[in-house]
Amino acid sequence: MLPYLLLLSTAGATAGIHPAHLRCEYRLNPLGLGETKPRLSWQLTAVNPAARGLAQSARQILVAASPEALARDQGDLWDSGRVASDDTGPVVYQGRPLASRASCWWKVRVWDQAGEASAWSEPAQWSIGLLAPSDWTARWIGAPWQGAGQTGARAPYLRRSFTLDQKPASARLYVTALGLYEACLNGARIGQDSFTPGWTDTNKRVQYQVYDVGAQLVVGENVLGAILGDGWYCGHVAQKGREVYGDRPKLLAQLELTLADGRRVVIATDESWQVSSGPILENDLLMGESYDARQELPGWLSGGRPAGDWQPARLFPTPAIELSPMLAGTVQAHETLVAPAAPRKLPGWGSHRFIYDFGQNLVGNVTLRVTAPAGTTIKLRYAEMLGADGELYVDNLRTARATDFYTCKGDPAGESWTPRFTFHGFRYAEISGLPRELAPTPATLVAHVLHTELPPSGDFSCSEPLLNQLQHNIQWGQRGNYLEVPTDCPQRDERLGWTGDAQAFIRTGAWNRDVAAFFTKWQRDIADAQAPNGSVPAVVPAVDLAPGDGGPGWADAAIICPWTIYQCYGDRALLEQHFASLRGYVDYLATQSLEGIRLHPQLGKWGGFGDWLALDGSGLTDGGTPKDLIATAFYAHDARLLGAIARVLDRPAEAAKYEAVAERVTQAFQRRFVTSDGLVTGNTQTSYVLALHFDLVPPALRPKLADELVRDIRKRGNKLSTGFIGTPYLLHELAREGHLDVAYDLLMQKDWPSWLYAVTQGATTIWERWDGWTKEKGFQDKGMNSFNHYAYGAVGDWLYRVVAGIELDPQSPGYKHFRLQPQPGGPLTSARGTHLSPHGEIVSSWQRGPGSFTWEVTVPPNTTATARLPVPAGATVSEGAQPLAQSPGVSQVHTDASGVSCELASGQYTFTATWVN
Ligand code: BGC
């Protein structure tokens, strides 16, 4: 069906490709950009999916100040003209200068490899935000009853009514809060975003959002309103207590209307706004929300005199922080889960408590639907696991109360409620307080899955159901923990942007979802959190005023994350923007090392987190993988990456400098930690993995190190012992050194510790610990036992890159050219990986049998791939109905001991190989 539709929409065009999926600054139709020369990109779709060798030879971009001009093909802001280029972006806007509030509509057309033109793409849009502080005339307002020590007091409802004698030509709301806000206009919520304005270090900056609200305005009286929540700003953050950033929530909003005659009318927050308390008695991200529907404020969003105790809003001085545009999407509800069965009634005399099982450990909130007398208070509690007694297991939430309360107003037609300013990590929810005669059904309580907008970009599946469940768990761990910032966990009193966890998982994250915008935003948070001496803290956004050095494997996220984003999305801008910050970090490391060994300056050795949660004594103790070894390994890696970054940015002097640093540190590492016969200090799996993965030993020594690693794994009965630091690279290094069989043995291991152990125990997300729960010991230490922690899910990267075999070419970032090289093993008879790269969808899907290998691949238009079939030298290989070498799109066929390789032009291919077994 799809090709047919495409053919229709490209009627008249003769090119074999069509531009689609238009993005601006990685985002779909973003409003309120701070970048006045935004980067534009698109993907090419094959008009005929069976065609091969499709490429773009030229492109033309039109940008117009109105959709009408664009429809007339008038690029009144920019007409790039026909530019000979195979580049599908990011292309930097080069048109007329854009000022605050500018609205831009754009489209693109391309010419294919034969010089045939496509039709124009569908139009897309962006707008510029308020660039100068003076663009804001709004004042910060809040409630008089809140203040130091009073947070958690009743949430302010703020409103302002205004009259319009005409419908404006355009209406845009610029809005933010210190704390959280939900904005509303004329009785309806504006947008679908949760937890706006998002999480940044509000000692330095706060983001604002922009909404087109013209459709919600009416001629006559209008009411603009907002509800404020405590959020990260003044509610609980981790175990830091309340008021980490400020003492009460405040709102800043500016509704700008452009009338038909060009006049601008601004409705901004100021002393003319009114404030009242309402039904939200308490709200807190960790603790939960309490809502008394009897105290709702009927009419507060419509004209006339609403219910409530309205008084003038209080004005607050403008804080000396930056008002910043969004760099990534917002949090929204992406899915609603209905429990597959009626909730289970808990036993016990007089008990009227029920537990819902949503079948999935998720992050989000609920909607409660109930008909009950006024004053009935319903209590909702949440947990990831059940105890042996069948009750919610909440010990691992630590001080996070994770409890919501709803008091009914007694509406005979029923009432429903969704908490606004809290989220929980849960699979189970307990409901209590319902009238005795009322038995809840699945419809009484449904769960909403909340996370930052992250378009899905990949999946992995194979013939082993347990691995498919593992992939599912990885995906859900990512969804739950990519909420505003990459967090460690979503349920207990922590939920912080732990840098170590983020760097361990980022590469996997980039397979499953489009994380370019998300990490672009987080890199700004890292820069904000960086101290003047260059150090980067353990959690970002910082939650302490003087957060210090996050330490090895954690702070190094500052370099590893932007490099990974560059590799996966091919855009230098992030590197360019943050180069000074990255350099500052590596220069700081020089001050923290002695003759190349990274040491803690005061202690003479590194404290820090070590190979966190490894099973060999690493971590907070001094056993296991030595901390100065981890520290030095990451220092060498950082310096090498910075050298590579400097090369990408055409900074040869700096490149040479940091390459030399990397070399010096590598030498120091060898002198201090590696013996000439290939033993690495600590003798742990992670010691070997780091030395191998960061290329810290001479090539000749690699096999010896790998042998030691294998020896340890075999000695443990094919089991790993790695923590957060070693786990992401473990299987990669085994495969790279020719121990694919050992890698598959570890991957398929079902006994503890292993990836599949949790899967066999019914896990639906990745656990923080290998032994979060075991048959022998039950629950691990309640002080640290999350069941939704993505770090160990970093093995997902191996599933895509090695099992499915989609591998980027470091020389050609963003998958412009890539490799397809599956390495089947273990019991797997088939595997399929798909990845929506910046150029379109890559597919690698194989099946194998005795003496046969069938492989379907997709190479997106405008890209090429080097493919290697893992078949023996004597295999007969065909593609479609033809011998390999004669197949269109296939070139440079080459056979050697590792298989048959060839170059592929874009297209879909089916390879079949047979050999005598
Ligand atoms: C977090 C981690 C984090 C660690 C630091 C824990 O409490 O949950 O995932 O990286 O502390 O070692």
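Treat the numbers as computed from the prediction; the structure is a model and nothing was measured.

Let us look at the overall build of the chain. A tally of helices and strands in the chain yields 16 helices and 51 strands. In terms of overall dimensions, the chain has a C-alpha envelope of 85 × 70 × 55 Å along the principal axes. By the burial criterion, 62% of the 917 residues in the chain qualify as buried. Taking the intrachain contacts of the chain between residues at least 6 apart in sequence as the baseline, contacts between residues at least 24 apart amount to 74%. Taken as a whole, the chain presents about 32300 Å² of accessible surface, with 52% of it coming from carbon and sulfur. Looking at the chain, you have 80 positive and 92 negative side-chain charges, and the mean spots of the two groups are 2 Å apart.

In terms of burial, strand E12 (residues 180-185) is largely enclosed, as six of its six residues are buried. Alternating residues of E12 divide into Leu180, Glu182 and Cys184 and Tyr181, Ala183 and Leu185, and every residue in both groups is buried. Sheet topology note: the E12/strand E15 (residues 220-229) ladder contains six bridges and is antiparallel. Note on E15: the bridge partner recorded for Glu182 is Ile227. The turn joining E12 and strand E13 (residues 188-189), which pair antiparallel and follow one another in sequence, is formed by two residues; a positive phi near 50 degrees is taken by Asn186.

Turning next to the environment of Tyr233. Structurally, Tyr233 is set in helix H3 (residues 231-234). Counting along the chain gives 35 residues from Tyr233 to Gly198, while the straight-line C-alpha distance between them is 10.0 Å. Contact partners of Tyr233, with chain neighbours within four places excluded, come to Leu178, Gly179, Thr202, Glu243, Val244, Tyr245, Gly246, Asp247, Arg248 and Lys250.

A pair can form between side chains of opposite charge whenever their charged atoms are brought close. For the structure shown, the criterion picks out 53 salt bridges. Across the salt bridge formed by Lys777 and Asp771, the nearest N and O atoms sit 3.6 Å from each other. Classification of Lys777 by relative accessible area gives exposed; the value is 57%. The residue Asp797 makes a salt bridge to Arg801 at a minimum N-O spacing of 2.7 Å. Note that Asp797 and Arg801 are positioned in helix H16 (residues 796-804) at a spacing of four residues, about one turn of the helix. Through salt bridges with shared partners, one network takes in Arg398, Asp488, Arg492, Asp493, Glu494 and Glu768.

The next subject is the packing of aromatic side chains. Where two aromatic rings form a pair, the distance of their centres and the angle of their planes describe that pair. For the structure on display, the rule yields 46 aromatic pairs. Through a chain of ring-to-ring contacts, three or more aromatic side chains come together here, namely Tyr482, Phe505, Phe518, Phe519, Trp522 and Tyr790. A cation over a ring is seen here: Arg159 above Trp310, with NZ or CZ 5.6 Å from the ring centre. Note that Arg495 overlies the ring of Phe423, its terminal NZ or CZ placed 4.8 Å from the centroid.

This next bit is on H16. Burial analysis of H16 places nine of its nine residues in the buried class, which makes it a mostly covered element. Where H16 terminates, the next one or two residues include Gly805, which has phi positive at roughly 85 degrees.

The next point concerns the sheet that holds strand E51 (residues 907-914). Reading across the sheet, the seven strands line up as E34-E43-E44-E45-E51-E47-E48 and stay open at both edges, with antiparallel pairing between neighbours. Every interior strand has two partners, whereas the edge strands, strand E34 (458-462) and strand E48 (882-883), have only one. Taken together, the eight bridges between strand E43 (residues 830-837) and strand E44 (residues 840-849) define a ladder with antiparallel strand orientation. Within E44, the position partnered with Leu836 by the bridge is Glu841.

Moving on: the site of the ligand. Neighbouring the ligand are Asp488, Arg492, Glu494, Trp498, Asp501, Trp554, Phe609, Trp612, Phe724, Glu768, Met784 and His789. The contact in question runs from an oxygen atom of the ligand to an N or O atom on the side chain of Asp488, over 2.6 Å. One of the side-chain nitrogen or oxygen atoms of Trp554 is found 3.0 Å away from an oxygen atom of the ligand. When isolated, the ligand has an accessible area of 310 Å², and the protein chains bury 95% of it. Grouping the constituent residues of the shell around the ligand by class yields six nonpolar, one polar and five charged.

Here we take up the pairing of strand E11 (residues 170-178). Put simply, side chains in a regular strand alternate between the two faces of the sheet. When you tally the buried positions in E11, you get eight out of nine residues, the bulk of the element. As judged from the nine bridges shared by E11 and strand E16 (residues 250-258), these two strands associate in the antiparallel manner. Paired with Val175 across the bridge in E16 is Ala253. As defined by bridge partners, E11 adjoins strand E14 (residues 205-212) across four bridges and the pair is classed as antiparallel. Counterpart to Val175 in the pairing with E14 is Gln209.

Now for the side chain of Asp797. Residue classification places Asp797 among the buried positions, given a relative accessible area of 5%. Reaching out from Asp797, the side chain makes a polar contact with the side chain of His732 at a distance of 2.8 Å. Residues in contact with Asp797, not counting those within four places in the same chain, are Arg507, Thr508, Trp511 and His732.

Right, let's get into the side chain of Asn473. When you line up the elements, Asn473 lands in helix H4 (residues 465-481). Within the structure, the side chain of Asn473 is placed 3.0 Å from the backbone oxygen of Ala763, a separation counted as a polar contact.

Two numbers describe how helix H6 (residues 516-529) lies on helix H8 (residues 573-591): the axes approach to 10 Å, and their chain directions differ by 20 degrees. Put simply, H6 runs roughly parallel to H8. Of the two possible hands of crossing, H6 and H8 adopt the one that is left-handed. The segment H6 lies against H8, with Thr520, Gln523, Arg524 and Ala527 engaging Leu574, His578, Ser581 and Leu582. The class makeup of the residues in the contact of H6 with H8 is three nonpolar, four polar and one charged.

Of all hydrophobic cores here, the largest spans 216 residues; its most connected members are Leu470, Leu731, Leu734, Trp798, Leu820 and Leu904. No other element matches helix H9 (residues 627-648), which puts 12 residues into this core. Look past the residues within four positions of Leu734 in its chain and what remains in contact with it is Leu709, Val710, Ile713, His739, Leu740, Val742, Ala743 and Leu746. Core analysis: the next-biggest nonpolar cluster, separate from the first, contains 27 residues, Leu158, Tyr181, Val213 and Val275 among them.

Atom-level detail of predicted coordinates should not be read off regions where pLDDT is low. Averaged over every residue, the pLDDT of the chain is 95; the share at 70 or more is 97%. Segment residues 1-10: pLDDT under 50, and nine contacts once partners within four positions in sequence are set aside and those in other chains are kept.

In this section: the sheet that holds strand E1 (residues 17-24). Strand order across the open sheet formed by three strands is E1-E2-E6, with antiparallel pairing between neighbours. Of all the strands in the sheet, just E1 and strand E6 (91-92) have a single pairing partner and so form its edges. Relative to strand E2 (residues 39-46), E1 runs antiparallel, the two sharing six bridges. Bridge pairing links Ala20 to Gln43 in E2.

Bringing the environment of Ile61 into the picture now. Here Ile61 lies in strand E3 (residues 56-64). Residue classification places Ile61 among the buried residues on the basis of a relative accessible area of 0%. With residues up to four places along the chain from it excluded, the contact list for Ile61 reads Leu40, Trp42, Trp78, Asp79, Ser80, Val91, Trp106, Lys107 and Val108.

Let us now look at the state of the cysteines. Applying the stated criterion across every chain yields a total of zero disulfides. In this structure Cys184 is not part of a disulfide, and its nearest cysteine sulfur, from Cys234, lies 18 Å away.

Criteria and thresholds
Residues numbered from 1 in each chain as written. Predicted model: local features only at pLDDT ≥ 70, side-chain atom pairs only at ≥ 80, totals over all residues. Heavy atoms only, no water. Helix = DSSP H or I, 4+ residues; strand = E, 2+ residues; numbered from the N terminus. Buried < 20%, exposed > 50% of the residue type's maximum accessible area, 1.4 Å probe, protein only. Contact = heavy atoms within 4.5 Å. Areas by Shrake-Rupley, 256 points an atom, 1.4 Å probe, with all protein chains shown as cover. Lys, Arg positive; Asp, Glu negative; His and termini not counted. Charge placed at Lys NZ, Arg CZ, Asp CG, Glu CD. Pairing = 2+ DSSP bridges. Salt bridge = Lys/Arg side-chain N within 4 Å of Asp/Glu carboxyl O. Phe/Tyr/Trp six-rings, centres within 6.5 Å; stacked < 30°, edge-to-face > 60°. Lys NZ or Arg CZ within 6 Å of the ring centre and 35° of its normal. Near = heavy atom within 4 Å. Polar contact = N/O pair within 3.5 Å; in protein donor to acceptor, adjacent residues only side chain to side chain. Nonpolar A, V, L, I, M, F, W, Y, C, P; charged D, E, K, R; others polar. Axes fitted to C-alpha atoms, helices over the stretch in contact; angles between N-to-C directions. Parallel < 35°, antiparallel > 145°, perpendicular 65-115°, else oblique. Left-handed = near helix turned anticlockwise from the far one by under 90°. Core = buried A, V, L, I, M, F, W, Y, C linked by side-chain atoms within 4.5 Å. pLDDT = per-residue confidence, 0-100. Disulfide = S-S within 2.5 Å.

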